[in-house]
Amino acid sequence: MIACELDDPDGIIFVHATGLWSIADVDRHYTHLGLVIADRRRNGLPIRILSDVTEAQRQARETEARILHHMERTYLPTDRVAILVADVADKMYVRARLGRAIVGVFSSQLPAEMWLMSEDLQPPGIAA
């Protein structure tokens, strides 16, 4: 399951995902997320996303590829996207799968939120 909600006080879009996802689940999620992001862009608001996958299972390669495809089409370089994972091993795995994508990967929520709200910090693991 993938759920998305907007936290208006901070302007962070929270995504919470659990279990395994089908390609259709991923497509539905990014269709909905795209609408939320488009609305924020129209209103000149920053894009800040915290995607919590701490309760998700490792996805099939095809599903991971579809997620990466959507990420490349959805996010701009000025967007802040943080992925919250369960542990250090998951953090290393996700960073490796993301390649050169400018996305922060965290195993703790507070640093993820602090990074999302910062204007001048590079994502962890990305050299300036």
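The text that follows walks through the structure, step by step, so that each part is easy to find. Because the structure is a prediction, the values reported are computed rather than measured. (Residues numbered from 1 in each chain as written. Predicted model: local features only at pLDDT ≥ 70, side-chain atom pairs only at ≥ 80, totals over all residues. Heavy atoms only, no water.)

## A short note on the packing of helix α2 (residues 61-74) against helix α3 (residues 88-98)
Where α2 meets α3, the axes come as close as 11 Å, and the angle between the chain directions of the two elements is 60 degrees. Considering the angle they form, α2 stands oblique to α3. For the crossing formed where α2 meets α3, the hand is right-handed. Note on element contacts: α3 touches α2 through Y93, R97 and L98, opposite R61, E64, A65, L68 and M71. Among the residues forming the contact of α2 with α3, the class breakdown is 5 nonpolar, no polar and 3 charged. (Axes fitted to C-alpha atoms, helices over the stretch in contact; angles between N-to-C directions. Helix = DSSP H or I, 4+ residues; strand = E, 2+ residues; numbered from the N terminus. Parallel < 35°, antiparallel > 145°, perpendicular 65-115°, else oblique. Left-handed = near helix turned anticlockwise from the far one by under 90°. Contact = heavy atoms within 4.5 Å. Nonpolar A, V, L, I, M, F, W, Y, C, P; charged D, E, K, R; others polar.)

## What about the environment of H32?
Within the secondary structure, H32 is located in helix α1 (residues 23-42). On a C-alpha basis, the gap between H32 and L98 in space is 22 Å, while along the polypeptide they are 66 residues apart.

## Examining the pattern of salt bridges
Evaluation of the coordinates by the stated rule reveals 7 salt bridges. A salt bridge links R42 to D39, with the shortest nitrogen-to-oxygen separation between them at 3.5 Å. Here R42 pairs with D39, and both are found in helix α1, just 3 residues apart, close to one helical turn. On the basis of relative accessible area, R42 is assigned to the exposed category, the value being 62%. We note a salt bridge from E64 to R97, for which the minimum N-O separation is 2.7 Å. Of this pair, E64 sits in helix α2 while R97 sits in helix α3, and the two are 33 residues apart along the sequence. Salt bridges linked by common partners bring R61, E64 and R97 together as one network. (Salt bridge = Lys/Arg side-chain N within 4 Å of Asp/Glu carboxyl O. Buried < 20%, exposed > 50% of the residue type's maximum accessible area, 1.4 Å probe, protein only.)

## Observations concerning the nonpolar core
One broad trend across soluble globular proteins is that nonpolar side chains are buried collectively. With 22 residues, the main nonpolar core has I49, M71, Y75 and I83 as its most contacted residues. It is α1 that contributes the most residues to this core, 5 residues altogether. Judged by nonpolar contacts, the second largest core, of 8 residues, contains A82, L84, A112 and L116. (Core = buried A, V, L, I, M, F, W, Y, C linked by side-chain atoms within 4.5 Å.)

## Some words on the pairing of strand β3 (residues 48-56)
Within a regular strand, the side chains alternate between the two sheet faces. The pairing of strand β2 (residues 12-19) with β3 spans 7 bridges and is parallel. Its bridge partner lying in β3, I13 is registered against I49. Handedness of the crossover joining β2 and β3 through α1 is recorded here as right-handed. In the sheet, β3 pairs with strand β4 (residues 80-84) via 5 bridges, with the strands oriented parallel. (Pairing = 2+ DSSP bridges. Right-handed = clockwise from strand over helix to strand, strands pointing away.)

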